Amino acid sequence: MPDPDDLFTDARLRDALGARPFRFEPQLGSTNDVARQWAIDGAPSGSVVLTEAQNTGRGRFGRIWSAPLGTALLMSMILRPRVTPDRLPRLTMVGAVAVAEILEPLAPGKVSLKWPNDVMLTNRKVAGVLPEAIWQGNTLSAVILGIGLNVRVDFTDTPLADKAISLETVTDTLIDRAVLLNTLLHRIDYWSMRVDESVLLETWRAMLGTLGQRVTVYAAGAGITGQVAGVDDNGALILQDDDGILHHLLAGEVTLRG
Ligand code: BTN
C-alpha cells in the first residue's frame, strides 16, 4: 500500500491508471507542451502527461503556474473531440466540471466554479483549467486540457494567501493524489463524450458562483462592469452593463465588486 504522501513514480502511476497511456517526468517545462507534441505524434484521446514540477508551467494570461514537489496535480490530457470551433469553450467546462465533481464529496457545499475556468473552494481558487487547441488547417486535431489542482500547496504568507487554497486545507485529511487523479481522469472521460450535450452546460451553469453578482470583467486590456445575467450556450458570460446593454464575453477575468 503506497503512502498517499509519496511522490509520483512511473510504477505508482501505472498502478493507479491501469491501461491508460501516460507519460510522466518528475520535472519538465509545461505538461501542455509535452502533451501537444505527443498529440502531434499521434497519442490517442485520453492519454495524459503528468509531472511533479514544471519549469515553464503556465496559466491564463501568460501567468506562471508552479507548485512545490508533491503538493499538486499538474497534468494535461489529450482529447480528440469532434466539435465545431464554436464549441471549444465547452472543453474548459469539461475540465472545470470534472474537477468540481471530484471535490464536492470531499468538501460538500464548498465547491463552485468561477467563470470561465476556475474551480473554487470556499471562494478561493483550488484549480485552474487551460485548454489549448491543435489545428490541422481548419480541422481540430486535438485539445490539450491542462489542469493544475492544489492538493497541499501551502499558501501561508504568500501573495496568493487570500486568493488560493489547497484541498487538504479544507478536508483536513491526507488526500491520496493518485486516487484523486484517477477519479478526475474518469470524469474527464465521461464529460468529454458529452461535449455537445446540454447536460454539460446545465451542470456547469448550476455550479457557477458568479450568477447575479456585480462584477468587472477585464478582457483585452479593458474592463466592463455590470451584473452577470447568465451564460449562453457557447459558454460566453452575459454581462448587463449599467446602461442595460448585454455583452457576451467569451474570455476575460472576473473580479467581484461590492
Ligand atoms: C489558470 O487558471 O490560469 C489555468 C492554470 C492551468 C495550469 C496547468 S498545470 C498543468 C498544465 N500545464 C501547464 O503549463 N498549465 C496547466
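A brief look at the structure comes next. All values reported here derive from a predicted model rather than from experimental measurement. (Residues numbered from 1 in each chain as written. Predicted model: local features only at pLDDT ≥ 70, side-chain atom pairs only at ≥ 80, totals over all residues. Heavy atoms only, no water.)

**Here's the deal with the packing of helix α3 (residues 89-103) against helix α6 (residues 198-207)**
Put simply, α3 and α6 touch, their axes get as near as 10 Å, and they point 60° apart. In this view, α3 runs oblique relative to α6, as classed from their interaxial angle. Seen along the crossing, α3 lies across α6 with a hand that is left-handed. For the pair formed by α3 and α6, the contact residues are Arg90, Met93, Val94, Val97, Ala100 and Glu101 on the first element and Leu200, Leu201, Thr203, Trp204 and Met207 on the second. Of the residues in the contact of α3 with α6, the class split is eight nonpolar, one polar and two charged. (Axes fitted to C-alpha atoms, helices over the stretch in contact; angles between N-to-C directions. Helix = DSSP H or I, 4+ residues; strand = E, 2+ residues; numbered from the N terminus. Parallel < 35°, antiparallel > 145°, perpendicular 65-115°, else oblique. Left-handed = near helix turned anticlockwise from the far one by under 90°. Contact = heavy atoms within 4.5 Å. Nonpolar A, V, L, I, M, F, W, Y, C, P; charged D, E, K, R; others polar.)

**Here we look at the pattern of salt bridges**
Summed over the entire model, instances satisfying the criterion amount to 12 salt bridges. Where Arg58 meets Asp33, a salt bridge forms, and the shortest distance between an N and an O atom there is 2.8 Å. You can see Arg58 sitting in the loop between β2 (48-54) and β3 (72-79) and its partner Asp33 sitting in helix α2 (residues 31-40), a full 25 residues away along the chain. You can call Arg58 partly exposed: its relative accessible area is 29%. For Asp33, a relative accessible area of 35% corresponds to the partly exposed category. Two residues, Arg87 and Asp196, come together in a salt bridge whose shortest N-O distance is 3.0 Å. Residue Arg87 is found in the loop between β3 and α3, and its partner Asp196 is found in the loop between α5 (177-192) and α6; the two are separated by 109 residues along the sequence. For Asp196, a relative accessible area of 47% gives the class partly exposed. In this structure, a network of salt bridges that share partners links the residues Asp33, Arg58 and Glu132. (Salt bridge = Lys/Arg side-chain N within 4 Å of Asp/Glu carboxyl O. Buried < 20%, exposed > 50% of the residue type's maximum accessible area, 1.4 Å probe, protein only.)

**Considering the site of the ligand**
Neighbouring the ligand are 21 residues; Ser30, Thr31, Arg58, Arg60 and Lys125 lie closest to it. Here the ligand loses 98% of its free accessible area of 410 Å² to cover by the protein chains. Listing elements by their share of the shell around the ligand, those giving two or more residues are α2, β3, β6 (124-136) and β7 (139-150). Tallying contributions element by element places β6 first for the shell around the ligand, with four residues. Taken together, the residues of the shell around the ligand break down into six nonpolar, 11 polar and four charged. (Near = heavy atom within 4 Å. Areas by Shrake-Rupley, 256 points an atom, 1.4 Å probe, with all protein chains shown as cover.)

**Concerning the sheet that holds β3**
The strand order across the open sheet built from seven strands is β1-β2-β3-β7-β6-β5-β4, with neighbouring strands paired in mixed fashion. Edge positions in the open sheet fall to β1 (22-28) and β4 (111-114), since each of these has one partner strand only. Ignoring strand direction, the axes of neighbouring strands in this sheet form an average angle of 20°. Two elements, β4 and strand β5 (residues 118-121), share four bridges in a ladder whose sense is antiparallel. (Pairing = 2+ DSSP bridges.)

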